[in-house]
Amino acid sequence: MEIFKDPKEIQNFLINLKKNGKKISFVPTMGYLHEGHLSLMRKARKYGDILVVSIFVNPTQFGPNEDLDRYPRDFEGDQKKCEKIPVDIIFYPTNENMYPENFQTYVEVTKVTKNLCGLSRPTHFRGVATVVAKLFNIIQPDYAFFGEKDFQQLVVIKQMVRDLNFPIEIIGCPIVREPDGLAMSSRNAYLNKEERAQALCLYKSICKVKELFQNGERNVSVLLDEAEKVIKSYPLAEIDYVKIVDINTMEDVKEEIDKPALYAVAVKIGNTRLIDNCKLLP
């Protein structure tokens, strides 16, 4: 396994491999790897000849009062996990590598970013789109893999790839959960024992919505009311949003679900903001 820090070095290295007919699979991450990330890598391993993983805590997707400084980091541990997959190349740039002095170019996806996380984190997706566009230009992958836990992010990346004509196949991969249902996330490391138990409110609300939906309920207000009741039964839970949106446009479904939709939820438990979702397919 090789580790690169310099964007130009890894770019030249991978361009030469592509000239020799190699296909590149790419998994972008912010590190502190867990089973969710590793499941993306295992899937990516089946596609290309070369598996590249980036580890970069991207400052531009954090707001001014968010958790950039305390975001968990463990490069040595990440390295060991990547070796077991096995990953061929880790790209581990510095902030200065990615955002050199006088950096002033950003990528903005306008419509699908307006709702959900875009409401409470208005600069988040500009940072995501910018760093992913940069990573795509540096790595030049044939396939790129993203988890469906960040479903809006997946939609944003697909939109950007279509709009900017990136020759990359974007592959979404299912949410990986703890045995009790909590979606795996690097931010779960912030939770103390009591908060960890309270965090189950997200998954329990998903179970309730899925149960009602499978029994024929299609009224959005009914589904959201029941979801909110579940979450509010957990005293530490503070709702950011509980919504049902069109699975492609990320716009609110107003009354009845009559085409593919997404139940999406964001909740703060103490100082930790967690998200989760499930598809609702009529």
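Look above for the structure.
About the thresholds
- Residues numbered from 1 in each chain as written.
- Predicted model: local features only at pLDDT ≥ 70, side-chain atom pairs only at ≥ 80, totals over all residues.
- Heavy atoms only, no water.
- Phe/Tyr/Trp six-rings, centres within 6.5 Å; stacked < 30°, edge-to-face > 60°.
- Helix = DSSP H or I, 4+ residues; strand = E, 2+ residues; numbered from the N terminus.
- Buried < 20%, exposed > 50% of the residue type's maximum accessible area, 1.4 Å probe, protein only.
- Lys NZ or Arg CZ within 6 Å of the ring centre and 35° of its normal.
- Expected span 1.5 Å × (residues − 1).
- Arc of directions from axis to C-beta.
- Contact = heavy atoms within 4.5 Å.
- Salt bridge = Lys/Arg side-chain N within 4 Å of Asp/Glu carboxyl O.

A. Geometry of the packing of aromatic side chains. Applying the stated criterion across every chain yields a total of 11 aromatic pairs. Ring centres of Tyr99 and Phe103 lie 5.0 Å apart, and the angle between their planes is 85°; this geometry places the pair in the edge-to-face category. A centroid spacing of 6.5 Å and a plane angle of 80° characterise the contact between Phe136 and Phe146, whose relative ring orientation is edge-to-face. One end of the pair, Phe136, is in helix H6 (residues 124-139); the other, Phe146, is in strand S5 (residues 143-147), and 10 residues separate them in sequence. Taken as a pair, Phe136 and Phe146 share a single burial class, namely buried. Arg70 extends its terminal NZ or CZ atom over the ring of Tyr190, reaching a point 3.9 Å from the ring centre.

B. How the structure looks around helix H10 (residues 220-232). Its 13 residues place the ends of H10 18 Å apart at the C-alpha level, agreeing with the 18 Å of an ideal helix rising 1.5 Å per residue. Along H10, the positions that sit buried rather than exposed are Val220, Leu223, Leu224, Ala227, Val230 and Ile231. Within H10, the buried residues cover an arc of 120° as seen down the axis, which keeps them to one side. In this structure, H10 carries Lys229 and Lys232 as exposed residues pointing more than 90 degrees from its buried face. Next to the buried residues of H10 lie helix H9 (200-214), strand S7 (237-246) and strand S8 (261-269).

C. Highlighting the pattern of salt bridges. Applying the stated criterion across every chain, the model contains 15 salt bridges. Here Asp142 makes a salt bridge to Lys18, at a shortest N to O gap of 3.3 Å. A residue pair is termed long-range when its members are at least 10 positions apart, and Asp142 in the loop between H6 and S5 and Lys18 in helix H1 (residues 7-19) qualify at 124 residues. A residue is classified by how much of its surface remains accessible, and Asp142, at 14% relative accessible area, is buried. By relative accessible area, which is 27% here, Lys18 ends up partly exposed. Asp88 is the salt-bridge partner of Arg45, the closest N and O atoms lying 2.9 Å from each other. Here Arg45 is found in helix H2 (residues 35-45), whereas its partner Asp88 is found in the loop between helix H3 (75-84) and strand S4 (89-91), with 43 residues between them in sequence.

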